[in-house]
Amino acid sequence: MVGMSALRSVAAFAARLSPLKSGNTAANLLTRAIPRTDKVAVRWGHGKRLFVIKPSDYYDRRFLRLLQFYILLTGVPVAIVVTGVNIFIGEAELAEVPEGYEPEHWEYYKHPITRWITRNIYDSPVKDYEKMMAAVQIEKEKADMRLTQLEVRRHMRQQGDGPWFQVPTLNKELVDNSPKSSPDH
Amino acid sequence: MPADYDKGAYPEPPRQTPVVDKQTALPNPALILSKLFYYSVDLPVTTFRDAVDSIRAKNKIVYYHQKFRRVPDLTECKEGDYPCYYEAEMQWRRDYKVDQEIVKVIQERLRACQQREGHSYQQNCAKEIQQFNEVTKNFQSRYGDLGAYASARKCLMKQKERMMAAQAQNA
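Just so it is clear, the structure is predicted and the values come from calculations on it, not from any experiment. (Residues numbered from 1 in each chain as written. Chains lettered and ligands numbered in written order. Predicted model: local features only at pLDDT ≥ 70, side-chain atom pairs only at ≥ 80, totals over all residues. Heavy atoms only, no water.)

## Some words on the state of the cysteines
Residues and elements named next belong to chain B. For the coordinates displayed, the defined rule picks out 2 disulfides over all chains. Note on cysteine connectivity: C77 is disulfide-linked to C84, with sulfurs 1.8 Å apart. Measuring the twist about the S-S bond at about -80°, one finds the C77-C84 disulfide to be left-handed. Here C77 matches C84 in class, with each residue buried. With a sulfur-sulfur separation of 2.0 Å, C113 is cross-linked through a disulfide to C125. Measuring handedness by torsion sign, the sulfur bridge of C113 and C125 sits at about -100° and is left-handed. Of this pair, C113 sits in helix α2 (residues 82-117) while C125 sits in the loop between α3 (121-124) and α4 (126-143), placing them 12 residues apart in sequence. One exposure class covers both C113 and C125, and it is buried. By sequence order of its bonded cysteines, chain B has the disulfide arrangement 1-2, 3-4. Considering cysteine sulfurs only, C77 is the nearest to C155, which forms no disulfide, with 15 Å between them. Judged by its relative accessible area of 10%, C155 falls in the buried class. (Disulfide = S-S within 2.5 Å. Buried < 20%, exposed > 50% of the residue type's maximum accessible area, 1.4 Å probe, protein only. Helix = DSSP H or I, 4+ residues; strand = E, 2+ residues; numbered from the N terminus.)

And the structure:
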């Protein structure tokens, strides 16, 4: 109400309070439109306006929002990478092994991502096979050694001429038999 | 485009398209629908495929079928030679997988034949049925009830039982 005089502002206030009085229509006050609160255009359609009271769904919506965020954080880059690989590189085609050529172990797989994984991350199947064979051989040798050890124990205990199962006894040469050597000493 | 399937194993039935003998001026709805399908589905899909193939053509890669060398069997291993046992076991596992795939192929052929022939499959697919029965009977007798922890030793023992039963029957 900056550009209006005091009287005009009082008249506008009075019109706002009682808009149905004869001297208070919009045309009389000229300058600004007074908000007519009883004749406002209500745009609620044909339903009754309700004030719905329900418990807060803030926590549920926050959970779903965070879930979506953290899933898409890695999901979208992975989806882009996989789509890009499938479109731009594409799966391999089966071909005959050329003469005198030994394919690398990753060249036996179809999908480019599988090939990358077996090339850079996994050991070759030949190496895995050899590792397993080495483990089997070591275990076999351990088992054989344990069996021979039992066998050797048995023999040494029986015969008594081996280094094991020796009971330390007195040395006969160090025993002084002079007190008992003659009957009437 | 990927290679076509084996036409000898999955023969196509003879075509039965009737001779067009149009006697009305009305449009043929089957023709309209087929053209609709062609323009709305077939053409976009084919152009997309061709576009993607032209992009992929620059980075073509190939893969090969791995052939494993034959190693001595479980029967040819000396007793206590565990590395030999391991190699024989791995070879047996590979052979088991191959046999499973063979059975799947024969099953697929029988299924395709039945689908092709419709209600008269019992007489028209006699060859496929006989092949299927033979293959499944052999598979059952060799790998039948070995279970989830099947191994080369158990298979060998099963073979021994089979041979003993055959000998008892012959004697």
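## Looking at the domain arrangement of chain B
Much of the literature gives interface size as the accessible area that the parts lose upon coming together. Structurally, chain B comprises domain 1 (30-62) and domain 2 (80-159). For domain 1 of chain B and domain 2 of chain B, the distance between their C-alpha centroids amounts to 38 Å. (Domains from an automatic or database assignment.)

## Quick word on the pattern of salt bridges
Applying the stated criterion across every chain yields a total of 16 salt bridges over all chains. Through salt bridges with shared partners, a single ionic network connects D123, K127, D128 and K131 of chain A. (Salt bridge = Lys/Arg side-chain N within 4 Å of Asp/Glu carboxyl O.)

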